[in-house]
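Topology and contacts: notes
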Amino acid sequence: MSVSQRPRIGVIGTGAIGGFYGGMLAHAGYDVHFLLRSEYPAVAAHGLTLNSASHGTVRLDSVQAYHTAADMPPCDWLLVGAKTTSNADLVPAIIEAAAPGAKVLLLQNGLAVEDELRPLLPDSLHLLGGLCFICVHRAAAGVIEHQALGAINLGYHSGPASDQAVQQQILQEGAQLFAATGLDSVAMADLQQARWQKLVWNVPYNGLSVLLNAGTQALMASADSRALIEAIMQEVVEGAAACGNQLPHGYPAKLLAATERMPDYLPSMYHDFIQQRPLELHAIYATPLAAAAQAGQRMPRIEALYQALCFLERRPR
């Protein structure tokens, strides 16, 4: 793809996820525009810094940063890196920053996030889901720490591309964007299954990191917490199957082994809790529980985890 053919990319929500993937794309030479709120003054003045264990230090001294979407140029791709708790509030910004026929890629955790956002967007926009397999967090304004991984899988949800061949072409275009930065990216045929698959890791580690005040190494070192993680993972697998999504055989064991090889990591929900931000309980817990229950499958451990997190969420901190 020549420079003249490269799409213009917008990042809606330049936190850890949006900042990392948008920053990597900008470092690779793409025309990237970043929408920020509280961190706008720092990033506009000092740029972005990505401290990556695998890519080294990436400094973007000059960043195309914006405080309002109305000031952004029309973007062909929009990477939504904000948390699912703010999706409805982001709709005006997405619409303002989108070029005609833009591809909106949700880099978010949870189930059915596209289903809830779709009715709020124009039919002319393509809506895609992005599953990020990464250990990353924001250390300070404009400073992102990348500890490990970075692969991103893409799935088409809805939009003007009704033909599967056209959908696949769009997914391949998106995968090539990230591949150009040195990151693994795969086009997924079934977005719903991919989201259930991501929940196998997110459901136990996000919630237990908050309840037990522990990172992944401590959770894996204890026989009790490890057994609980494995049991919760199995419930996700059974819930997915009840909803018609058969996950790969032995997938929980694969994730447990991968987590043991990771550096110690505090998941995003832990950081949200410590910094008194809303927790993504609806997308990661309530929606999967409701979907499984509708299919006749209870997930009692996940239900208990969700109820405990709701108590902590509502308790004054």
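Provided above is the structure to which this section pertains.
Everything in this summary refers to the structure shown in the same document. These numbers come from a predicted model, not from an experiment.

Our next topic: the environment of R37. On the secondary structure map, R37 appears in the loop between β2 (31-35) and α2 (40-46). Along the backbone, R37 and Y21 are 16 residues apart, and their C-alpha atoms lie at a distance of 18 Å.

Our next topic: unusual backbone geometry. Of all residues except glycine, most have a negative phi; of all peptide bonds, most are trans. At A112, a residue that is not glycine, the phi angle is positive and equals roughly 65 degrees. Structurally, A112 is set in the loop between β7 (98-107) and α4 (113-117). Phi at N213 is positive, roughly 50 degrees, even though this residue is not glycine. Within the fold, N213 resides in the loop between α6 (191-211) and α7 (216-221). According to the relative accessible area criterion, N213 is exposed, its value standing at 54%.

Another point: the pattern of salt bridges. Taken as a whole and judged by the stated rule, the model has 10 salt bridges. As a salt-bridge pair, R138 and E39 come within 3.1 Å of each other at their nearest N and O atoms. With R138 in strand β8 (residues 126-140) and E39 in the loop between β2 and α2, the pair connects residues that are 99 residues apart, well separated along the chain. A residue is classified by how much of its surface remains accessible, and R138, at 32% relative accessible area, is partly exposed. A salt bridge links E260 to R226, with the shortest nitrogen-to-oxygen separation between them at 2.4 Å. Here the residue E260 occupies a position in helix α9 (residues 251-261), and R226 occupies one in helix α8 (residues 223-242), the gap between them amounting to 34 residues. Residue classification places E260 among the partly exposed residues on the basis of a relative accessible area of 47%. Overall, R226 belongs to the partly exposed group, its relative accessible area being 25%.

As a further point, take the environment of E260. Separated by 41 residues in the primary sequence, E260 and L219 place their C-alpha atoms 9.9 Å from one another. What E260 contacts, discounting residues up to four positions off in sequence, is M220 and R226. Polar contacts involving the side chain of E260 include one to the side chain of R226, which spans 2.4 Å.

Moving on: helix α11 (residues 281-294). Along its 14 residues, α11 runs 18 Å from first to last C-alpha, staying within 8% of the 20 Å computed at 1.5 Å per residue. Along α11, the residues classified as buried are L281, A283, I284, Y285, A286, T287, P288, L289 and A292. Against α4, α6, α8, α10 (268-274) and α12 (300-314) lie the buried residues of α11. Of the residues one or two after α11, G296 is the one with positive phi, at around 90 degrees.

All right, on to the pairing of β7 then. Of all the 10 residues making up β7, 8 are buried; the element is thus mostly covered by neighbouring parts of the structure. Of the pairings in the sheet, the one linking β7 to β8 comprises 5 bridges and is parallel in character. In the strand pairing of β8, L107 is matched with G130.

Calculation criteria
Residues numbered from 1 in each chain as written. Predicted model: local features only at pLDDT ≥ 70, side-chain atom pairs only at ≥ 80, totals over all residues. Heavy atoms only, no water. Helix = DSSP H or I, 4+ residues; strand = E, 2+ residues; numbered from the N terminus. Buried < 20%, exposed > 50% of the residue type's maximum accessible area, 1.4 Å probe, protein only. Salt bridge = Lys/Arg side-chain N within 4 Å of Asp/Glu carboxyl O. Contact = heavy atoms within 4.5 Å. Polar contact = N/O pair within 3.5 Å; in protein donor to acceptor, adjacent residues only side chain to side chain. Expected span 1.5 Å × (residues − 1). Pairing = 2+ DSSP bridges.

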